[in-house]
Structures are given as C-alpha cells and as structure tokens.
Amino acid sequence: ASADKTGAVRVPEVTLRAERLPPAGADDEELVRVSVIDNGPGIPAAIRDKLFEPFVSSKASGTGLGLTICRRIVEEMDGSISATSETISIRTLGA
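Keep in mind that what you see is a predicted model, and the values were worked out from it rather than measured.

Cut-offs used in this document
Residues numbered from 1 in each chain as written. Predicted model: local features only at pLDDT ≥ 70, side-chain atom pairs only at ≥ 80, totals over all residues. Heavy atoms only, no water. Helix = DSSP H or I, 4+ residues; strand = E, 2+ residues; numbered from the N terminus. Buried < 20%, exposed > 50% of the residue type's maximum accessible area, 1.4 Å probe, protein only. Contact = heavy atoms within 4.5 Å. Salt bridge = Lys/Arg side-chain N within 4 Å of Asp/Glu carboxyl O. Core = buried A, V, L, I, M, F, W, Y, C linked by side-chain atoms within 4.5 Å.

With that settled, consider the overall build of the protein. Scanning the protein for helices and strands turns up one helix and six strands. Counting from the amino terminus, helix and strand elements in the protein follow one another as β-β-β-β-α-β-β. Residues counted as buried form 16% of the 95 residues belonging to the protein. A separation of at least 24 residues holds for 38% of the contacts in the protein among residues at least 6 apart in sequence.

On to the environment of proline 41, then. Turning to its location among the elements, proline 41 is positioned in the loop between strand E4 (31–38) and helix H1 (66–76). Here proline 41 falls in the exposed class, since its relative accessible area comes to 84%. Along the sequence, proline 41 and serine 85 sit 44 residues apart, while their C-alpha atoms lie 8.6 Å from each other.

Throughout the structure, instances matching the rule amount to three salt bridges. Residue glutamate 19 is joined to arginine 33 by a salt bridge in which the shortest nitrogen-to-oxygen separation is 3.3 Å. A residue pair is termed long-range when its members are at least 10 positions apart, and glutamate 19 in strand E3 (residues 14–21) and arginine 33 in strand E4 qualify at 14 residues. Residue arginine 20 is joined to glutamate 30 by a salt bridge in which the shortest nitrogen-to-oxygen separation is 3.3 Å. You can see arginine 20 sitting in strand E3 and its partner glutamate 30 sitting in the loop between E3 and E4, a full 10 residues away along the chain.

The topology assignment puts threonine 68 in helix H1. Look at threonine 68 and you get buried, because its relative accessible area is 16%. In contact with threonine 68, not counting residues within four places along its chain, are Phe52, Glu53 and Pro54.

This part takes up the nonpolar core. Listed in full, the seven residues of the largest apolar core are Ile43, Ile47, Leu51, Phe52, Val56, Val74 and Ile81. With residues near it in sequence (within four places) discarded, valine 56 still touches Ile47, Lys50, Leu51 and Gly64.

Put into structure tokens, the structure is as follows:
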C-alpha cells in the first residue's frame, strides 16, 4: 500500500480477465482475450510507444525485458499483445 498526495492509503489491486471471442469469419479460429487490469498510476507517456522494446522500463531497478519476452512468446503462438495506459491485453488463437 502507498499514500497519495492527500495522504489517503491506496491498496494495489490487480484483476485478470479471460474471455472467448467469436471467430471473425467462417474459416477463422476462436480467439481468447486475456486482460490484466490494475489500479496503478498508468504507463508513463514517455515510454508508451516503446513499451515492448528491450530495456525499456519505468522502474529504476527494472531490466525492461518482461514485456519484450511476453511479446515474443505471444507472437510465437500466433497471438498479439498490446497496451494502453489503462490495460494490457493479450489475444491468442485456438481457444
């Protein structure tokens, strides 16, 4: 837990959500979307466009490799991974 500018204590919260998406066309496979949602401060604007590049981190002690590795794994499974300042969403084929 951490205190904000007003002194209120903020408890970290993470929500994981998985949902099946219908195929886009007759020959398409079913998709699964996995979302990771937290109540953190968001992704700093300075790194949003470079978030999945190696060695990019908002943490002083971070290696900046976590999301790069995630992207490689997801893409090897013919999926995609994307991020906004609110959520990171992963889609993989073959539910």
